[in-house]
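# Examination of the molecular architecture
Below are the chains, spelled out letter by letter.
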Amino acid sequence: MTVLLNPGPVKLSPGVRRALAGPDLCHREPEFAGLQDRLRRKLLAVYSLDPDAWAAVLLAGSGTAAVEAMVASLGPREGRLLILENGVYGERITRMAAVYGLDHRVLHHEWGAALDLEAVERTLAADPAIVQVAVVHHETTTGRLNDLAALGVLCRARRVGLLVDGVSSFGAEALEPLAWGLDACAATANKCLHGAPGLSLVVLRRDALGAAAAPPRSVYLDLAGYCRAQDRRDTPFTQPVHLYHALDRALDEFLAQGGWPARRQCYRRLAGRVREGLAALGVEPLLTDAETSAVLRAYRLPPGLDYATLHDGLKQRGFVIYAGQGALARSVFRISTMGDLGMEDMDRLLDACAELIAPASTPPP
Ligand SMILES: *Cc1c(COP(=O)(O)O)cnc(C)c1O
């Protein structure tokens with residue numbers, strides 16, 4: 001079977017795949033409510049959140065649905081949202097804010113750049129209308145892990161809320177929603193949690209939801225409505241029951257394997273092997289180890305090798321890698337180590353890379 005090294009959907013474990021064939025349930029019956037309660041509890045347990053103060057809200061849709069629900073439901077009703085961009089996903093938040101007509105302002109960074117926290121501080125100081133900041137935790141565009149701990153300090157000092165797109169970090173990176181002052185964090189079943197695609201979630205501070213009690217901006221993506229219904233052991237709309245089964249099993253495996261620190265370490269070990277192997281072939285990472293998430297690394301395409309050739313050659317050999325986006329499409333490729341992968345997969349990947357890269361970078365005789 002082809003090994004997926006794209007940043008979601010990921011290779012499922014055999015147990016999660018079996019769970020997909022779990023029982024058909026009516027979403028209005030107590031069996032479903034029990035499953036939903038269990039999932040919501042386990043999702044809060046990922047980062048040890050107090051269920052009295054926090055809620056996990058489940059919704060059908062890919063990660064973007066969760067981010068959009070978060071922005072539409074928790075974005076400011078009065079006051080301005082400051083969006084920090086340093087890649088595709090931050091820019092997507094800006095599109096959402098525009099579509100929903102939120103009063104917003106953007107602090108743009110080049111893709112891959114670190115957040116300029118001094119500029120954030122200056123912007124917050126100069127514009128007292130800003131009541132909330134939105135940011136991506138792991139910018140999957142480049143692999144950059146944004147420093148939310150430091151950003152959280154700035155936001156808390158000014159009593160500014162924080163919305164986080166944690167879609168590609170939730171479950172594999174340190175996240176301290178309470179200490180960092182988060183209002184909410186959007187995530188998905190099918191990235192670091194190793195569930196199946198089509199189910200996403202928002203972990204939110206219940207107080208933040210209270211502040212958003214105004215009329216919803218969306219019918220389907222109204223987190224307040226979902227949260228109220230799920231607290232009553234109900235759901236506003238049909239949920240993807242089999243994806244619930246799969247995530248339930250994936251979370252059992254995740255917690256049994258040691259939670260996010262273990263997952264992070266596992267990803268780092270795999271990614272470290274790939275980085276070393278590629279370095280031996282003369283392939284350079286886009287960012288340093290310290291700047292990158294555990295989840296995904298971007299590499300510079302070696303001179304003389306275009307992405308399509310590398311992608312197609314690896315696919316023939318059983319691996320799917322991922323292209324760079326936008327301006328990086330011609331210069332970068334990405335390898336994610338999420339999913340049910342082992343060191344032997346990385347070793348086989350490197351053997352395949354050696355077949356494709358070594359000839360290309362050897363000067364002609
Ligand atoms: C994957 C991802 C998303 C959501 O993408 P979908 O295709 O909707 O699942 C959002 N933000 C980040 C940072 C991501 O990596």
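Here, the structure is the one placed above.
Computed from a predicted structure; not experimentally measured.

Our next topic: the packing of helix α2 (residues 30-46) against helix α8 (residues 223-231). The geometry of α2 relative to α8 is characterised by a closest axis approach of 10 Å and an angle of 115° between their N-to-C directions. Each of Q36, D37 and R40 in α2 lies in contact with α8, whose residues at this interface are C227, Q230 and D231. Taken together, the residues that form the contact of α2 with α8 break down as one nonpolar, two polar and three charged.

In the region of the ligand, the neighbouring residues are S62, G63, T64, Y89, R92, V136, H138, T140, D165, V167, S168 and K191. T64 places a side-chain nitrogen or oxygen 2.5 Å from an oxygen atom of the ligand. Take D165: an N or O atom from its side chain is 2.7 Å from a nitrogen atom of the ligand. Protein chains shield 84% of the accessible area of the ligand, which is 380 Å² for the free molecule. Secondary-structure elements contributing two or more residues to the shell around the ligand are α3 (63-74) and α4 (88-99).

The next point concerns the nonpolar core. In this structure, L43, L84, V133, L151, F170 and L247 are the most contacted members of the largest nonpolar core, which totals 50 residues. It is helix α9 (residues 241-256) that provides the largest number of residues to this core, a total of eight residues. Residue contacts for F170: discarding those within four places in its chain leaves L43, V46, Y47, L175, C185, A187, C192, L193, L201 and V203. Counting residues in hydrophobic clusters, the runner-up holds 34 residues, among them L74, M96, A97 and L223.

Now for α3. Taking 1.5 Å of rise per residue, 12 residues should cover 16 Å, and α3 covers 16 Å from first to last C-alpha, within 8% of that figure. Most of α3 sits out of view: 10 of its 12 residues are buried. Among the residues of α3, G63, A65, A66, V67, A69, M70, V71, A72, S73 and L74 are the ones counted as buried.

Conventions and cut-offs
Residues numbered from 1 in each chain as written. Predicted model: local features only at pLDDT ≥ 70, side-chain atom pairs only at ≥ 80, totals over all residues. Heavy atoms only, no water. Axes fitted to C-alpha atoms, helices over the stretch in contact; angles between N-to-C directions. Helix = DSSP H or I, 4+ residues; strand = E, 2+ residues; numbered from the N terminus. Contact = heavy atoms within 4.5 Å. Nonpolar A, V, L, I, M, F, W, Y, C, P; charged D, E, K, R; others polar. Near = heavy atom within 4 Å. Polar contact = N/O pair within 3.5 Å; in protein donor to acceptor, adjacent residues only side chain to side chain. Areas by Shrake-Rupley, 256 points an atom, 1.4 Å probe, with all protein chains shown as cover. Core = buried A, V, L, I, M, F, W, Y, C linked by side-chain atoms within 4.5 Å. Buried < 20%, exposed > 50% of the residue type's maximum accessible area, 1.4 Å probe, protein only. Expected span 1.5 Å × (residues − 1).

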